[in-house]
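Chains, contacts and geometry: an overview
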Amino acid sequence: MSTAQKTTYREAVKQAICEALRRDPRVFLMGEDVGHYGGCYAVSKGLLAEFGPERIRDTPLCESGFVGAGIGAALGGMRPIVEVMTVNFSLLALDQIVNTAATLLHMSGGQFNVPIVIRMATGAGKQLAAQHAHSFEGWYAHIPGLRVLAPATLEDARGMLWTALEDPDPVLIFENNTLYNMEGELAENAGPVDIDTARIRRPGRDLTLITYSASLFKCLEAATILAEEGIEAEVIDLRSLRPLDDATYLASIARTHRVLIVDEGWRSGSLSAEISARIMEQAFYDLDLPVERLCSVEVPMPYAKHMEEAALPQVDSIVTTVRRMMHHG
Amino acid sequence: MKGLDKDHAIRQLRQMLLIRRFEEKSAEMYSAMKIRGFLHLYIGEEAVAVGVMAALGPEDAVVATYREHGQALARGMSANSIMAEMYGKVEGCCRGRGGSMHLFDAATRFYGGNAIVGGGLPLAVGLALADSMQDRKRVTSCFFGDGAVAEGDFHEAMNLAALWKLPVLFVCENNLYAMGTALRYTEANQDIAAKGAAYGMAAAAVDGMDVVAVEAAARVAVDHIQAGKGPYLLECRTYRFRPHSMFDTELYRTKEEVEQWKQRDPIELLVGRLTEAGLLTESERAALEHEVAAEVEAAVAFAEAGTWEAVEDLTRFVTTERRA
């Protein structure tokens, strides 16, 4: 048994990148301000000195250009980690991600796979307003040909990258920007983790909370409060948004018969809508009451703190919704 | 002069004839409803693909556009596999998943068949970046039209390639129209080669109807790239004799203009030169035509005899199939 060490989410991502760079000469990190600046969220601070400018490659501000170049480099035998500063900026590279990375293998009849990893910060909570703080990971999860990951825990922040780099196809990793400072303990020998399955982060018999990324911790906190009232919520961390691990949450619903989906994305046409539909299709008769969802209010993210908080699912709203659902039946 | 080395010139003439006859047959098969979707013909622009390919080696890469039958044939992909692809047959180069606009071939390092205008340029930069980081002496050629020059990806890719001194040969096929809108309505500065200077990139413009000139210019560009001097922008001034696609009534240009450009047909230009130099007789040309016609007929027969991929396989090639 190895000893656990105190660390942060940021440090876990950084260690994952360092390990990948040391293990595989084909790996390099590319993006805006990843080198001399040290990364917008300081994830790559210090890496330039260790690995040099070829492998810690600062790019101009041209998301489409450098994401496309990452795709080409992957075709050419490299294993690029492309960092896009925030999910909103990734829309400038949407064409390359959706029209090229996700389609090349198919269009070429299986000849050209694209082993690229694209990381980006996502999510609200830091008063970054309407052009830096949305949650578009659900959009990307719509696209066949992409794999979409949302590491919430330190283990996943540390372990998903290497598994993603070993994947032969494009993998998008969404890091919620409110998690970078999260502290916790991580085994000294923490390493690769699977990127296929959802995890039960807290078992419970009464109701299933399905969530991912930063909302996981709001759900866990809500579950603690609810437990004091005798309500045992089971908390499921999706981890992979595409493909979805249906089996894990369906098995949970078969035990609890009640489900609330907590998703920081907007409600309409969202990932939560997809999960809800799958539950209707596959577990309708397991349900004691309709599937419910807590999503972001459908408004561009406001700047003012109280308004931003009101726009997002919060511990309070989760607790209130679960209480109401439990009194139903 | 290399361009008039007989065997070499005859090979180039044969390639241009093959592209021409292959595409004439493609249009025919389109009307016969054997080929569907969009079909963009290269007729008139053959000298560009043939001239540039002559300057590339087998290890080099090609990134092309949706108007890429010419590049694919000149690169050495078989007429059979391309025709079968356009028929949608599983024997096609992409198993019928791509069609006319998406030809790919790992064996000849042919990376599409990219149908988002400008989208192939960053891809070419990345392929060259991979070569540069792995110390491989290769050139990535990237074909695109004058329409792509207005896209952000053009400028982003030019900047990245020049900034990192990557071995990319950017080949702009300037046929004067972005689909049906003339360059003068879309570009503030219509001198495309001049745009290289904005990125500190070597550039030249060449008569894209003259295969000898295109090859010579491409060789200069490839030498520059192979000497480690960074990327190169080659503007080939050419003209598309046929409509943009099969759904184009050509309201945007006059018949006189098209006829004027046809006077400079790249095939007839080369034939004229060879005949003048005493390197090609009427019967030799007839023999070439005969050979090419047979190859095109064989491609049609191959496509006709091809099979449809099983519908059960529909969801293959979305993600890589792993060995169990």
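Residues numbered from 1 in each chain as written. Chains lettered and ligands numbered in written order. Predicted model: local features only at pLDDT ≥ 70, side-chain atom pairs only at ≥ 80, totals over all residues.

1. Section: the environment of Ala61 of chain B
All names here are of chain B.
- Its location among the elements puts Ala61 in strand E1 (residues 61-65).
- Expressed as a C-alpha distance, the spacing of Ala61 and Ala124, which sit 63 residues apart in the sequence, is 8.4 Å.
- Sequence-distant contacts of Ala61, defined by excluding residues within four places in its chain, comprise Arg109, Tyr111, Leu127, Arg138, Thr140 and Ser141. (Helix = DSSP H or I, 4+ residues; strand = E, 2+ residues; numbered from the N terminus. Contact = placed C-beta atoms within 7 Å.)

2. A look at the domain arrangement of chain A
Residue and element names in this part refer to chain A.
- Each assigned domain of chain A is listed here: domain 1 (4-187) and domain 2 (199-328).
- Computed over C-alpha atoms, the centres of domain 1 and domain 2 are 26 Å apart.
- With 23 residues of domain 1 at the interface, the matching set in domain 2 holds 22 residues.
- Put simply, the parts of the chain that give the side of domain 1 that touches domain 2 at least two residues each are helix H6 (137-140), strand E6 (147-149) and strand E7 (171-176).
- The leading source of residues in the side of domain 1 that touches domain 2 is E6, at three residues.
- For the side of domain 1 that touches domain 2, the per-class residue count stands at twelve nonpolar, eight polar and three charged. (Domains from an automatic or database assignment. Nonpolar A, V, L, I, M, F, W, Y, C, P; charged D, E, K, R; others polar.)

3. Topic: the packing of helix H1 (residues 9-23) of chain A against helix H7 (residues 154-166) of chain A
All names here are of chain A.
- Contact geometry of H1 with H7 gives a least axis separation of 7 Å together with a crossing angle of 25°. Judged by the inter-axis angle, H1 sits roughly parallel to H7. Crossing geometry of H1 relative to H7 is assigned as right-handed. Mapping the contact onto sequence places Tyr9, Ala12, Val13, Gln15, Ala16, Ile17, Glu19 and Ala20 in H1 and Leu154, Ala157, Arg158, Leu161, Trp162 and Leu165 in H7.
- Of the residues that constitute the contact of H1 with H7, the class distribution is eleven nonpolar, one polar and two charged. (Axes fitted to C-alpha atoms, helices over the stretch in contact; angles between N-to-C directions. Parallel < 35°, antiparallel > 145°, perpendicular 65-115°, else oblique. Left-handed = near helix turned anticlockwise from the far one by under 90°.)

4. Considering the interface of chain B and chain A
- Across the contact, 34 residues belong to chain B and 33 residues belong to chain A.
- Elements with a minimum of two residues in the side of chain B that touches chain A: strand E2 (110-114), helix H5 (120-133) and helix H6 (152-163) of chain B.
- Here the side of chain B that touches chain A gets ten residues from one element, more than from any other, and that element is H5 of chain B.

5. Considering the sheet that holds strand E5 (residues 117-122) of chain A
Residue and element names in this part refer to chain A.
- Taken together, the seven strands give an open sheet; going across it, the order is E3-E2-E4-E5-E7-E6-E12, and neighbouring strands pair in mixed fashion. The open sheet is flanked by strand E3 (56-58) and strand E12 (240-242), the only strands paired with a single partner. When strand polarity is set aside, the average angle formed by the axes of neighbouring strands in this sheet is 25°.
- Looking at chain direction, E5 and E7 are connected through six bridges and run parallel. (Pairing = 2+ DSSP bridges.)

6. Description of the sheet that holds strand E3 (residues 140-145) of chain B
Residues and elements named next belong to chain B.
- Pairing within the open sheet is parallel, and its six strands lie in the order E2-E1-E3-E4-E8-E7. At either end of the open sheet lies a strand with only one pairing partner, and these are E2 and strand E7 (202-207). Averaged over all pairs of adjacent strands, the angle between their axes in this sheet comes to 15°, without regard to strand direction.
- Bridge count between E1 and E3: three bridges; the pairing is parallel. Opposite Val62, over in E3, you have Ser141 as the bridge partner.
- Running at roughly 170° to E3, H5 makes contact with E1, E2, E3 and strand E4 (168-174) of the sheet.

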